[in-house]
Amino acid sequence: MESVLDVRSVSMNFGGLRALNDVTVVVRDGEIVSLIGPNGAGKTTFFNCVTSIYKPTEGEVYFTPRGSAPLRISGMKPNAVTALGMARTFQNIRLFQNMSVLENVMVARHCRTKAGIFGAVFRPGWVRREEAEIVEKSYALLKALGLHRWYNELAANLPYGQQRRLEIARALATEPRLLLLDEPAAGMNPQETAALKDLVLQIRDQFGLTILLIEHDMSMVMSISERIYVMEYGCLIAEGTPEAVSHDPRVIKAYLGEVEHA
Amino acid sequence: MVAREFFKSLGVSLWFMVLTFPLVAVRVNTIENTIQWRWANLAIVGVGAFVLSAVWRWALVRRETMLANAASGAGERSVRVWDSPVVTRTLGAALLVVFMGIPWLVSTYQTNILISFFLYVMLGIGLNIVVGVAGLLFLGYAAFYAIGAYAYALLNHYFGWGFWTVLPMGGVLAAVAGVLLAFPVLRLRGDYLAIVTLGFGEIVRLVLENWSDLTGGPSGISNIDRPGFFGQEMTVAGTNIYIYYIVFVAVLVTFVVAERLKDSRVGRALQALREDEIACEAMGIDRVGVKLMAFGLGTAWAGFAGVIFAAKTTFINPASFTFFESAIILSIVVLGGMGSNWGVILGAAFLVLLPEYMRAFSEYRMILFAAAMVLMMVFRPQGMIPARSKQYRIVDRELELSGE
Ligand SMILES: Nc1ncnc2c1ncn2[C@@H]1O[C@H](COP(=O)(O)OP(=O)(O)OP(=O)(O)O)[C@@H](O)[C@H]1O
Ligand SMILES: [Mg+2]
């Protein structure tokens, strides 16, 4: 199957700290792949390298946009990467707090629309149509994620769990092929987590997505993922099906070791 | 609760009495070598301090309860008169009619005050795009006002170019200067950006002051042509009214453009930049492009306003474009409400019109000004008319049926 994301031997240094060490990850079309590991393992750093928020110290990242050949994206600007069809959510929620729920999603339509300053001021017909379409599509996404009754509220006023959902809605509005979710279930109760799991499966099928997921909730990870990568201290220590990974002695040691420290 | 506040105020009042005791209560009569005790003064200080402190505490408590109420009713946003289009439209139409007629009813002096009010509204709305909408703290805004004004003054002085030719050029020049300034400060935010833009403002002023061969130095440029009206000769009062209408239309244009920009694809990108730069980039917005746009869009209006200012006063010098000017414009934006254009109008009314009509208090102007700002920051930090995200109206049958 076609690979959507191909990360080749990526390393990332912060001064003396090696947050990622020779990490190689491949995600194929339509897969749900999880990335797990103890706190501080470098998972978020990996996402930041993939989305070009950081430029990796070494290694390369290739991404295959829909209907195109693989492209080297390491070194591109983050917005260019998003335009190619990659979107993400943030572990520490990064919504546009003082904008409405609907506007948060509308902002993400930016890279799929065209109106400029001239269009904004004179509002010719095509701009008005584009604007109406932005509103319509954004609202439809809110509806798909069950957020539509709050569409005029400030994002900051949403309950915590709904803010995480809004992050997903916003990411979907950029029409991604690959969706990166950074701990989407953090801070959610078991019911919310179960609902989130169903949602992830549903949007994968509905929008034809490939999903890379960072998550600490093992029940979710084990039941949803086709493959799992395990990270510790910036290195990959295991890769495979949930079944294989959960029996891997190094993985057990990494997790039990963490429990002993805690 | 009440008792505690009471005793705290009492404490404050006693403290003030002790502090000011040597100043207000004791007077040494050096001729007779006696001491006069002025207990009445002390009493006034005591009562005054008590009342002020009590009012202050009461206001603080009231604010706390209001914040608590707002937090508990999370989600539900209060309905404000300002948000109803009926209200803003009626108010807008009324203002329009009043301002259209005013110059025929009042003296030239009054018209002049209104012209300067309009210029500040224009400057405020322009700065609001950078500071309020895009969230870039910008302190040297008067520099762009100066660029517009000097563009007209110099082109008129050396080449005899007319007002209507230079008006668009002034805006374009200021926008270009804004974009050029934006390049080196792309990575800066908050305080750092404020300091660099402040420095830029001073540089422009110093250049104007010291490049005497070109700009006439501190003595400035005089005899700038007033705007022409199809080659007609006009009286001074007539030109004044003519300029009044020019600024008025300019303000209308600025207002409409700024409002339309805010609720557009570009405007949303600017707001996203203000809210979170990283998320903004991750959502596919070109951070650099949007920042340059914010500077250009914001500074162009200062350029236009500058040209009009030069044409109105027919004399300009660098003293009109000091840091104080930038500070006033920024205060208009902050006081009115960051990101809110109606707020800017109200802010300009407070900071420009009020001082003109309260000349009696002119000695205390700076004190009142400072007090107003402090009170504002404590009790209404979001400004007199806070900006609010656009409310969309979406017809959704299913949502209505679900009984929400
Ligand atoms: N911008 C940065 N500068 C310096 N060090 C950083 C930076 N970002 C991350 N680090 C360090 O890199 C390491 C990996 O951090 P990262 O946030 O990627 O971990 P994580 O696996 O996402 O952990 P968690 O499960 O807690 O989210 C940590 O030691 C962290 O302190
Ligand atoms: Mg993380």
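Residues numbered from 1 in each chain as written. Chains lettered and ligands numbered in written order. Predicted model: local features only at pLDDT ≥ 70, side-chain atom pairs only at ≥ 80, totals over all residues. Heavy atoms only, no water.

Trainee: So what about the nonpolar core? Which residues, and what values?
Mentor: Formed by 151 residues in total, the largest nonpolar core has its most connected members in Leu166 and Leu179 of chain A together with Phe117, Phe138, Tyr141, Phe144 and Ile308 of chain B. Counting residues per element, this core draws most heavily on helix α4 (residues 108-133) of chain B, at 16 residues. Look past the residues within four positions of Leu166 of chain A in its chain and what remains in contact with it is Leu95, Val101, Asn104, Val105, Leu142, Leu147, Ala155 and Leu158 of chain A. Counting residues in hydrophobic clusters, the runner-up holds 27 residues, among them Val4, Val10, Val23 and Ile214 of chain A. (Core = buried A, V, L, I, M, F, W, Y, C linked by side-chain atoms within 4.5 Å. Buried < 20%, exposed > 50% of the residue type's maximum accessible area, 1.4 Å probe, protein only. Helix = DSSP H or I, 4+ residues; strand = E, 2+ residues; numbered from the N terminus. Contact = heavy atoms within 4.5 Å.)

Trainee: Which residues make up the interface of chain A and chain B, and what are the values?
Mentor: Contacts between the two partners involve 45 residues from chain A and, on the opposite side, 39 residues from chain B. Together chain A and chain B conceal approximately 3,900 Å² of surface at their shared face, both sides included; 58% is due to carbon and sulfur atoms. Counting across the chain A and chain B interface gives three salt bridges. Lys77 of chain A is paired through a salt bridge with Asp286 of chain B; the nearest N and O atoms lie 3.0 Å apart. Run the count over chain A and chain B and you get 15 residue pairs in polar contact (both at pLDDT 80 or more). (Buried area = accessible area lost by both parts, 1.4 Å probe. Salt bridge = Lys/Arg side-chain N within 4 Å of Asp/Glu carboxyl O. Polar contact = N/O pair within 3.5 Å; in protein donor to acceptor, adjacent residues only side chain to side chain.)

Trainee: Lay out the pairing of strand β3 (residues 32-36) of chain A with the relevant residues and their values.
Mentor: All names here are of chain A. Of all the five residues making up β3, five are buried; the element is thus mostly covered by neighbouring parts of the structure. Here β3 shows a buried face lined by Ile32, Ser34 and Ile36 and a second buried face lined by Val33 and Leu35. Bridge count between β3 and strand β8 (residues 210-214): four bridges; the pairing is parallel. Paired with Leu35 across the strands is Ile214, a residue of β8. Here β3 runs beside strand β9 (residues 227-232); their pairing, made up of four bridges, is parallel. (Pairing = 2+ DSSP bridges.)

Trainee: Now, about the coordination of the magnesium ion (ligand 2): what can you tell me, with residues and values included?
Mentor: Residue and element names in this part refer to chain A. Protein coordination at the magnesium ion (ligand 2) comes from Thr44 (OG1) and Gln91 (OE1), with a distance range of 1.9 to 2.0 Å. You can see Thr44 sitting in helix α1 (residues 43-50) and its partner Gln91 sitting in the loop between β6 (86-88) and α3 (101-107), a full 47 residues away along the chain. Classification of Thr44 as partly exposed rests on a relative accessible area of 25%. For Gln91, a relative accessible area of 30% puts it in the partly exposed group. (Donors = N, O, S within 2.8 Å, 3.2 Å for Na, K, Ca; no water.)

Trainee: Tell me about the domain arrangement of chain B, residues and numbers included.
Mentor: Domain annotation of chain B identifies domain 1 (2-72) and domain 2 (85-379). Distance from the C-alpha centre of domain 1 of chain B to the C-alpha centre of domain 2 of chain B: 42 Å. (Domains from an automatic or database assignment.)

Trainee: Which residues make up the site of ligand 1, and what are the values?
Mentor: All names here are of chain A. Neighbouring ligand 1 are 14 residues; Gly40, Lys43, Thr44, Thr45 and Gln91 lie closest to it. Contact distances for ligand 1 include 2.9 Å between an oxygen atom and a backbone N or O atom of Gly40. Considered on its own, ligand 1 offers 630 Å² of accessible surface; in the complex 63% of this is hidden by protein. Those elements giving two or more residues to the shell around ligand 1 turn out to be β2 (17-28) and α1. For the shell around ligand 1, the element with the highest residue contribution is α1, accounting for three residues. Of the residues assigned to the shell around ligand 1, the class counts are five nonpolar, seven polar and two charged. (Near = heavy atom within 4 Å. Areas by Shrake-Rupley, 256 points an atom, 1.4 Å probe, with all protein chains shown as cover. Nonpolar A, V, L, I, M, F, W, Y, C, P; charged D, E, K, R; others polar.)

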